[in-house]
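So the chains spell out like this:
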Amino acid sequence: MTLRPILLHPDPRLKKPCEPVTEITDALREAARDMLDTMYDAPGVGLAAPQVGLLKRLFVMDCVKDPDEPPRPMVLMNPEIVWSSDDRRVYEEGCLSIPEHYAEIERPAAVTVRWLGLDGAGHEETFEGLWATCAQHEMDHLDGRLFIDYLSPLKRQLITRKMEKLKRDRAREGV
Ligand code: NI
């Protein structure tokens, strides 16, 4: 198992639009596997490539919460939303790049996503509930957007200042 360090906000790499995946290389397969390991270890339900410093349109997710249900590790490349519901859902979101901060974010309750799989084939699925929220949150990362970008400038600045302090403290502790 290989864990990759998760970048913490603020970091310029978390603000950049990512490049589409044009070739499924061994390095990309390895990155996807490491990202799943890193996500499960965190633990989290989703992780986008820019969060580990890879500026490619790729994210992983597994929103299975019931421990009796088998896990469903998913790798989605070049994802696109082809339909979103008019129904909205509010969920208290967090992000592995902004630990210990949460905020209620409203998004479409269901989305149909089209993506390229590691098998090289195109896939399409309609996600609901946490899966829909997570897919939209992760796809935002690929456009350099974080969930705090939906908050008021004041709230966003407050979280950013706390994160700057956390990063300074961690750097000082050498962790
Ligand atoms: Ni996130």
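Residues numbered from 1 in each chain as written. Predicted model: local features only at pLDDT ≥ 70, side-chain atom pairs only at ≥ 80, totals over all residues. Heavy atoms only, no water.

1. Let's talk about the overall build of the protein
Applied cut-off: Runs of E in the DSSP output that reach at least two residues are strands. Runs of H or I that reach at least four are helices, and both are numbered from the N terminus. Based on C-alpha atoms, the radius of gyration is set beside the globule rule, defined as 2.2 Å times the residue count to the power 0.38. Burial status follows relative accessibility: with a 1.4 Å probe on protein chains alone, a residue under 20% of its type maximum counts as buried, one over 50% as exposed, and anything between as partly exposed. The criterion used for residue contact is that any of the two residues' heavy atoms lie within 4.5 Å. Surface exposure here means Shrake-Rupley accessible area, sampled with a 1.4 Å probe, where a residue is shielded only by the protein chains that are shown. Positive charges come from Lys and Arg alone, negative charges from Asp and Glu alone, with His and the N- and C-terminal ends not counted. Note on charges: their place is set at NZ of Lys, CZ of Arg, CG of Asp or CD of Glu.
Assigned secondary structure in the protein consists of three helices and seven strands. From first element to last, N terminus to C terminus, the protein shows the α and β order α-β-β-β-β-β-β-β-α-α. Taken against the 2.2 N^0.38 rule, which gives 16 Å for 175 residues, the C-alpha radius of gyration of the protein at 16 Å falls within 12% of a compact globule. The proportion of buried residues among the 175 residues of the protein is 43%. Long-range contacts, defined here as pairs at least 24 residues apart, represent 66% of the contacts in the protein between residues at least 6 apart. Taken as a whole, the protein presents about 9600 Å² of accessible surface, with 50% of it coming from carbon and sulfur. Taken together, the 24 basic and 31 acidic charged side chains of the protein have centroids lying 8 Å from each other.

2. Re the pattern of salt bridges
Operational definition: What makes a salt bridge here is a side-chain nitrogen of Lys or Arg within 4 Å of a carboxyl oxygen of Asp or Glu, nothing more.
Enumeration over the complete set of coordinates arrives at 13 salt bridges. Taking the shortest distance from any N to any O, the salt bridge between Arg29 and Asp26 comes out at 2.9 Å. With Arg29 and Asp26 both in helix H1 (residues 26-41), this residue pair falls three residues apart, about one helical turn. Judged by relative accessible area, Arg29 falls into the partly exposed class, the value being 35%. Taking the shortest distance from any N to any O, the salt bridge between Asp140 and Arg145 comes out at 2.4 Å. Members of the salt-bridge network, linked through shared partners, are Glu93, Arg107, Asp140 and Arg145.

3. A closer look at the pairing of strand S3 (residues 74-84)
The test is simple: Two strands are counted as paired when DSSP detects at least two bridges linking them.
Two strands pair when backbone bridges link them, and strand S2 (residues 58-61) and S3 are joined in this way by four bridges, in the antiparallel orientation. Residue Leu58 lies in a different strand from S3, and its bridge partner there is Met77. Pairing geometry for S3 and strand S6 (residues 110-116), over five bridges, is antiparallel. Across the sheet, residue Met77 finds its bridge partner in S6, namely Leu116.

4. Here's the deal with the side chain of His141
When you line up the elements, His141 lands in helix H2 (residues 129-142). Residue class for His141 comes out buried when judged on its relative accessible area of 1%. Ignoring any residue separated from it by four or fewer positions in sequence, one finds His141 in contact with Lys16, Cys18, Ala48, Pro50, Gln51, Cys95 and Leu146.

5. Comments concerning the packing of aromatic side chains
Short version of the rule: Note on aromatic contacts: the rings of Phe and Tyr and the six-membered ring of Trp form a pair at centre separations within 6.5 Å, being stacked when their planes are under 30 degrees apart, edge-to-face when over 60 apart, and tilted otherwise. Here, a charge over a ring is recorded when the distance from Lys NZ or Arg CZ to the ring centre is within 6 Å and its angle to the ring normal is within 35 degrees.
This model, assessed by the stated rule, comprises two aromatic pairs. Between the NZ or CZ atom of Arg72 and the centre of the ring of Trp131, over which it lies, the distance is 5.6 Å.

6. Quick look at the environment of Leu7
Note that Leu7 resides in the segment before H1. For Leu7, a relative accessible area of 13% puts it in the buried group. Separated by 18 residues in sequence, Leu7 and Thr25 place their C-alpha atoms 23 Å apart. Leaving out residues up to four positions away in the same chain, Leu7 has contacts with Arg13, Leu14, Pro50, Gln51, Gly53 and Ser97.

7. Quick word on the coordination of the nickel ion
The cut-off we apply is this: Only N, O and S atoms count as donors, using a 2.8 Å limit from the metal and a wider 3.2 Å limit for Na, K and Ca, and since water is excluded some coordination spheres may look unfilled.
Around the nickel ion, the donor atoms from the protein are Cys95 (SG), His137 (NE2) and His141 (NE2), and they sit 2.1 to 2.3 Å away. Binding-site remark: the nickel ion is held by donors from one chain whose sequence spacing is C-x41-H-x3-H. Within this pair, whereas Cys95 is found in the loop between strand S4 (88-93) and strand S5 (103-108), its partner His137 is found in helix H2, the two being separated by 42 residues in sequence. Across the pair, exposure class does not vary: Cys95 and His137 are buried alike.

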